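Here is how the chains run, residue by residue.
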Amino acid sequence: MKIIALNGSPLRSLGNTAQLVKEFLNGAREAGSDVEEINITNLKINPCLGKLVCWINTPGKCCQNDDMASLLKKLKGSDVWVFASPVYWDGVTGPMKNVLDRLLPLLEPYLELIDGHCRHALRPDVKAGKIVLISTCGFWELDNFEPMLTHLKAICVNAHREFAGALLRPHGAHFKYMVKNDKTAKDILAAAHTAGSELVNDGMISQDTLSRVSQEVIAKEEYIEMLNLNFDKLILKYRDAK
Ligand SMILES: Cc1cc2nc3c(=O)[nH]c(=O)nc-3n(C[C@H](O)[C@H](O)[C@H](O)COP(=O)(O)O)c2cc1C
């Protein structure tokens, strides 16, 4: 099984999202999968120009000459696409949205009815497969992922892929501010690792494992206090350094 994970956090490997991606991919690799992680903010991927050149003039090929061409090649040959992005204004980050828009060359232009709904067929050289979502957010509640989850599940249907699960980590800032060897933080990362192996071994991620990734780490009021204190400290530190 070939898994490609795209991380859309501008903080790349230093971010909260990257911690989950790393453990998830370690679990998948140890279970025998071929994995690749790509920080898309290291790449040059422009926004879609909307001209439909990839459907009309050069079928299956985008008119822009940037890093999306090589990324599309990798996506075409991968069984699992992992989209990893922090929540930015209730959705994916800008770089990740560029990637999603630029998936258009993978589809045929013609409309067809599937279960009574308009869809585009996949081009014949694109593998069918699965999608996994990995995300972290700053607010405490799990419902902050709802818009992104709905978006990614809709993309799954349009891209003829199966949704294999979402690793969602609310109050993600605890990764930065809580002690490194905190028992709960360790269990969350262990669950992300298990999610990777479950995907490879069972073809899906269990609800039990996903719930462990999303588990409550700290009471809401305590989290707000901790974060606000940290902001106070950081703001003072930078003001004094001036
Ligand atoms: C521009 C911006 C917008 C954000 N919007 C939200 C938001 O709408 N809801 C939320 O819960 N967190 C929001 N956050 C917080 C991030 O989702 C959170 O810090 C996340 O863990 C960052 O992941 P990373 O370290 O992998 O970049 C936002 C952060 C930034 C920088």
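In what follows, the structure referred to is the one given above.
Residues numbered from 1 in each chain as written. Predicted model: local features only at pLDDT ≥ 70, side-chain atom pairs only at ≥ 80, totals over all residues.

> Give a description of the sheet that holds strand β3 (residues 80-84) that names residues and reports values.
The strand order across the open sheet built from 5 strands is β2-β1-β3-β6-β7, with neighbouring strands paired in parallel fashion. Unpaired on one side and paired on the other, β2 (34-39) and β7 (161-169) mark the two borders of the sheet. Within the sheet, the average angular offset between the axes of one strand and its neighbour, ignoring direction, is 15°. The pairing of strand β1 (residues 2-7) with β2 spans 6 bridges and is classified as parallel. From the neighbouring strand, Asn7 faces β2, where its bridge partner is Asn39. (Pairing = 2+ DSSP bridges. Helix = DSSP H or I, 4+ residues; strand = E, 2+ residues; numbered from the N terminus. Axes fitted to C-alpha atoms, helices over the stretch in contact; angles between N-to-C directions.)

> Kindly report on the site of the ligand, identifying the contributing residues and their values.
Neighbouring the ligand are 18 residues, the closest being Gly15, Thr17, Pro86, Gly138 and Gly172. At 3 residues, the largest contribution of residues to the shell around the ligand is made by helix α1 (residues 16-30). (Near = placed C-beta within 6 Å.)

> Could you give an account of helix α6 (residues 183-202), naming the residues involved and the relevant values?
An ideal rise of 1.5 Å per residue puts 28 Å on 20 residues; α6 measures up with 27 Å between its terminal C-alpha atoms. Of the positions making up α6, those classed as buried are Ile188, Ala191, Ala192, His193, Thr194, Ala195, Gly196, Ser197, Glu198 and Leu199. Looking at the buried side of α6, the elements it contacts are α1, β3, β6 (129-136), β7 and α7 (207-214). The positive-phi residue at the C-terminal boundary of α6 is Gly203, with phi of around 80°. (Expected span 1.5 Å × (residues − 1). Buried ≥ 20, exposed ≤ 12 C-beta atoms within 10 Å, placed from the backbone. Contact = placed C-beta atoms within 7 Å.)

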